[in-house]
Every structure is written in C-alpha cells, then in structure tokens.
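Report on the structure
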Amino acid sequence: MARLTHPPGAWGHPSTLVVAVVLLAPIAVLAALVPGLRDPERLAAAGALVYATVCLASSVFLYLHWRLTGAETTAWLSAATALVGCHGLSVTALEEGAGSTDLAAYLVASALLVGVLLVAIFRFLAARQDTHHVDPFVLGLGTGLLVTTLHVVVGSRDVPAGLSGAGTLVAAVGMLGCGVLGAAVLARAATLPRWVLPRFQGAAVGFCAAQALALLAEDGAPASGATHLAELAVGFGAALLVTTGSLALLAQAIRDDRMLMVGLRARLTALEAASSADRERLHEVKGTIAGIGTALELFSSEEAVPAEQRPSLARMAAREAGRLDRLLQGGLPPRPTVVDLDTVLEPVVLRHRTQGADVRWEPSGLVACAVADTLAEAVNILLVNAATHAPGAAVEVRCGLAPGWVTIRVSDSGPGVPEGLHGRIFARGVRGPDSPGSGIGLHLARRLLAEVGGRLSHDPLPEGACFVISLRDPRGDAHATPG
C-alpha cells in the first residue's frame, strides 16, 4: 500500500475523490434519466463507454507529461491508452449495434489483437527510447482508428461469431491472462516512479478483467446481472487507477516545473544583484584607476607639475593605489571610524584639479565618523558628476557643521538637475534625457554612504546643482554652526 502513496504536494485523497465522482456522475445521471439504463447490462455498457472516454483523456494527460518532462515511458503510455480508449469506444458501439448477434469470438480476437499491439509498443517502441521521428500520441490514436475501422467493417457485415460455454470460460481466462501479461510487460519496459507504476499495472489487469466479465455475462446465466455489475465495478476501478495515475504524474510535473521556475527566478535575481554589484565596483575601480593614471602621467612630465606639488601628488597616487587594492580584495565592509576630512578630501580634490577641473576647496580641520575609502569614492562621484554635467563650471567643496552632523557640500554653477528628476535622482539607472552618464554614480554614492551611517541628499538651487554629504559628528552637538 505504501508503494501506491503519491508524493506530497502533487496529489491527494481529495483529488482522487473528485475523479471518482466525475467518473460515476455520468453513469448515475443516465441511470436516473433513462429508465432503460437501469438494467445491469445497459448500465455496464454505459460504464464501458465512460471508461473508454476516460482512457482517451488519460492519454492526453500522459502526452502533456511527456511534453513537460521528456519522459519516454509516459510518451508510449500515452500511445497505449489512446489505443485502448479507441478500442473500447468502438467495441461498445459495435455491441450496441449488433443487437442479439453473438460477437464473443470476434471480441476475443480483437482484444488479443489490441494486446499484441500494446506489447509491441512496450517491447519495441519503448525499448528504443526514441520519439524524435514519431509522435507517440498520434501513433496510438492512429492505430486505434485502424482498429475502430476494423470493428466498423465487422459490424456492417453482421457476421455471427459466437462461443460455446466452455469456449467463453477459456476466453475469459485468457483475457484475464492478457491483463496479467500486460502488467508484467509494463513493469519490465516502463521506467515509472514506484508510486505510480502499480496504478497502471492495476488498470491493465482491471480493464482485461472487465472484458472477461462481459464475456461471461453474455451467456445469459441467472447471475449475469450480478456479473454485469461486477464488470461495471471492476471497470470503474481500472478507470480510476489510470486517471489518477496520469493526472498525478501531470500534477507532479507541473509542480516540479513551478519549483524549477521559482529556483531559476531566484538565481536570476541573485545574478542580477551580483551583476549590479560588479558594475558598481567597476565604477569605483575605473574612477580610482583614472586618478592613478593621471598622477603617473603628470609625474612623467617635469614641466606639468611644480616641484612643491609633487609630494602631494605622490601621496594621492599612493592612497588611490591602496584604495584600488582594497576594492579588488573585497572582504567584509569596514566599520566607520573617526577620520580627518582634510586627509580624505585632499587627494580627491587634487586628482580632479590635475585633470583640469576648477575645484575650490579649503582645509577645514573637521573630523567625522566615516570610512575613508567610502567617503573618498562618494566625493569623487560627485566631482565626476559635476564635470560630466557642468563641464568647465567651477565646483565648490565646502565642509561645515550642523546639529549632530558634519556636512560636505559639493555644488557647481552648471545647468543643475532637471526639475522632473528631483524626486528620483538617486534611483539606479535614472538620468536626464541628454545625460552621457550611466545612472549609477549617484545611486552608488548614496548607498555607500548609507551603509556606513551617512547620508547623501540633493539641495535644489535656483542655479546649478548641489549635493550634501552628511556624516555623524563624533563630538555630538557640541558644534552647531550651520555648514
């Protein structure tokens, strides 16, 4: 019984109950509305019609499972159930059209023919595990239509083909043996999960047992009514097994695909986050390399830098090289410490001055709680931003104090921030319509400062642009002179 237990999350007992109700509902409705169907024989015929239709529906479910998973066994199971469904529908129609004509021998022969075809499917086609050049569902349906055509031809000729009492018993036993043989062949040829294989094996035995009971009931014995009811019950069990098995497989495939999509979406999100982080780090690295490159270029020309400025230029290059090394090494982010603003700002301002920018800054003697590399990168981004959007304009870097904060204002006399961008200038990827930038710099600067307890804000001015860096004052509110 444990082998029949379905995997959690894919199928459940309520689902099985729903399928059982769906199978029984048409038979119950017909029996209630059509008085003639209350006869056990007619009721069994109605059940056979429903069960054959269910087989065709199950073949579609198995076909969808194959399309979702690529499992070759369910592909050929789809062909087999399509064949059985077509055979069942046409046999039911043939028996209804035959009236009192005894077609027992022909029905046995046709059932054996279908059995041979099913064995061929699982012994040869499934063994090849190759569905690249043939659609299994189309093959099964096409074979079923050929069998249906054979039934139609036999029905039109109205040729009696009865069996003796002993012959009927032998045929019934043989029919049941075909079901057992089919279950054994299925076990050897199929690669189904352990929880679903017994369902299809039971369905194979059940459908053959239902046909065997139908043959026995044709003798007209006193117990034929009970035999027809047994046929109805056994057919119901077989139909329930094949339907729940195919639907459970499909439900599990859909669930697995959904879980796979969730996993892929999570990986994609992680990759996008990693890509964003890499782009931001590249942004920092490029700015640092540019500063080092400028220093090296100036050092190579004795006329470009006066002798008294060379020590400052050397310190700037050394600090930028150290920052580049820390950027490339990565690791845990450093914690804020008390840093001297002049020590941090001097090399950044010097770098931009040596690149031709008109940066006005005077040492302030102030200290603040910050991470030196982070603060240097944030100020560098603001200076690069000013040079990009206000080329040739003067840029002022001014340090000051506010209650509990140390501020660094970076302002320029350029065109300023477009009014429509004031509320979202720090969002990643946001930039003006004519901006040559990437929309990363301001977003990166604000994020870097926020990670170490600082702030970056935009101070709208009538003319030009102004951005304010706010850092915690290590001396508290002792100095409250506005910056």
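Given the structure is predicted, the values throughout are model-derived calculations rather than measurements.

1. What to know about the overall build of the chain
When its secondary structure is counted, the chain shows 12 helices and seven strands. Buried positions account for 43% of the 483 residues belonging to the chain. Just so you have it, the chain exposes about 24,200 Å², and 64% of that area is on carbon and sulfur atoms.

2. Regarding the nonpolar core
Within the largest apolar cluster, 41 residues are counted, with the highest numbers of intra-cluster contacts made by Leu 341, Leu 375, Ile 408, Ile 469 and Leu 471. No other element matches helix α11 (residues 372-389), which puts eight residues into this core. Counting residues in each nonpolar core, the second largest holds 29 residues, with Trp 195, Phe 200, Leu 240 and Val 242 among its members.

3. Describing the pattern of salt bridges
Inspection of every chain in the model, using the stated rule, returns seven salt bridges. Across the pair Glu 451 and Arg 447 runs a salt bridge whose closest N-O atoms are separated by 2.4 Å. Of this pair, Glu 451 and Arg 447 both sit in helix α12 (residues 441-451), four residues apart, roughly one helical turn. Look at Glu 451 and you get exposed, because its relative accessible area is 51%. Asp 473 is the salt-bridge partner of Arg 475, the closest N and O atoms lying 3.6 Å from each other. With a relative accessible area of 7%, Asp 473 lands in the buried category.

4. What to know about the packing of α11 against α12
In contact at an axis separation of 9 Å, α11 and α12 are set at 160° when each is read in the N-to-C sense. Taken together, the axis directions place α11 and α12 in an arrangement best described as roughly antiparallel. The way α11 lies across α12 gives a crossing that is left-handed. Listed contacts from α12 to Thr 374, Glu 377, Ala 378, Ile 381, Leu 382 and Asn 385 of α11 are Gly 441, Leu 442, Leu 444, Ala 445, Leu 448 and Leu 449. A per-class count over the contact of α11 with α12 returns eight nonpolar, three polar and one charged.

5. Remarks on helix α1 (residues 13-33)
Its 21 residues give α1 an end-to-end C-alpha distance of 30 Å, which sits within 8% of 30 Å, the value for a rise of 1.5 Å per residue. All of the buried residues along α1 are Val 19, Ala 20, Leu 23, Ile 27 and Ala 31.

6. Focus: the packing of aromatic side chains
Evaluated as defined, the whole model comprises three aromatic pairs. Here a set of aromatic residues connected by ring pairs shows up, and it is made of Tyr 63, Trp 66 and Phe 137.

7. Some thoughts on the side chain of His 352
Tracing the chain through its elements places His 352 in helix α10 (residues 341-354). The class of His 352 is buried, set by a relative accessible area of 4%. One polar contact links His 352 to Asn 380, side chain to side chain, over a distance of 2.7 Å.

8. Some thoughts on the confidence of the model for the chain
Residue-level pLDDT values for the chain average 79, and 75% of them are 70 or greater. In the predicted structure, residues 477-483 sits below a pLDDT of 50 and forms 13 contacts with residues beyond four places in sequence or in another chain.

9. Details of the packing of α1 against helix α2 (residues 40-69)
Relative to each other, α1 and α2 sit at 150°, their axes nearing to 10 Å. Of the two elements, α1 crosses α2, and the hand of that crossing is right-handed. Counted together, Leu 23, Pro 26, Ile 27 and Ala 31 of α1 and Leu 43, Gly 47, Val 50, Tyr 51 and Val 54 of α2 form the full contact between these two elements. Grouping the constituent residues of the contact of α1 with α2 by class yields eight nonpolar, one polar and no charged.

Conventions used here
Residues numbered from 1 in each chain as written. Predicted model: local features only at pLDDT ≥ 70, side-chain atom pairs only at ≥ 80, totals over all residues. Heavy atoms only, no water. Helix = DSSP H or I, 4+ residues; strand = E, 2+ residues; numbered from the N terminus. Buried < 20%, exposed > 50% of the residue type's maximum accessible area, 1.4 Å probe, protein only. Areas by Shrake-Rupley, 256 points an atom, 1.4 Å probe, with all protein chains shown as cover. Core = buried A, V, L, I, M, F, W, Y, C linked by side-chain atoms within 4.5 Å. Salt bridge = Lys/Arg side-chain N within 4 Å of Asp/Glu carboxyl O. Axes fitted to C-alpha atoms, helices over the stretch in contact; angles between N-to-C directions. Parallel < 35°, antiparallel > 145°, perpendicular 65-115°, else oblique. Left-handed = near helix turned anticlockwise from the far one by under 90°. Contact = heavy atoms within 4.5 Å. Nonpolar A, V, L, I, M, F, W, Y, C, P; charged D, E, K, R; others polar. Expected span 1.5 Å × (residues − 1). Phe/Tyr/Trp six-rings, centres within 6.5 Å; stacked < 30°, edge-to-face > 60°. Polar contact = N/O pair within 3.5 Å; in protein donor to acceptor, adjacent residues only side chain to side chain. pLDDT = per-residue confidence, 0-100.

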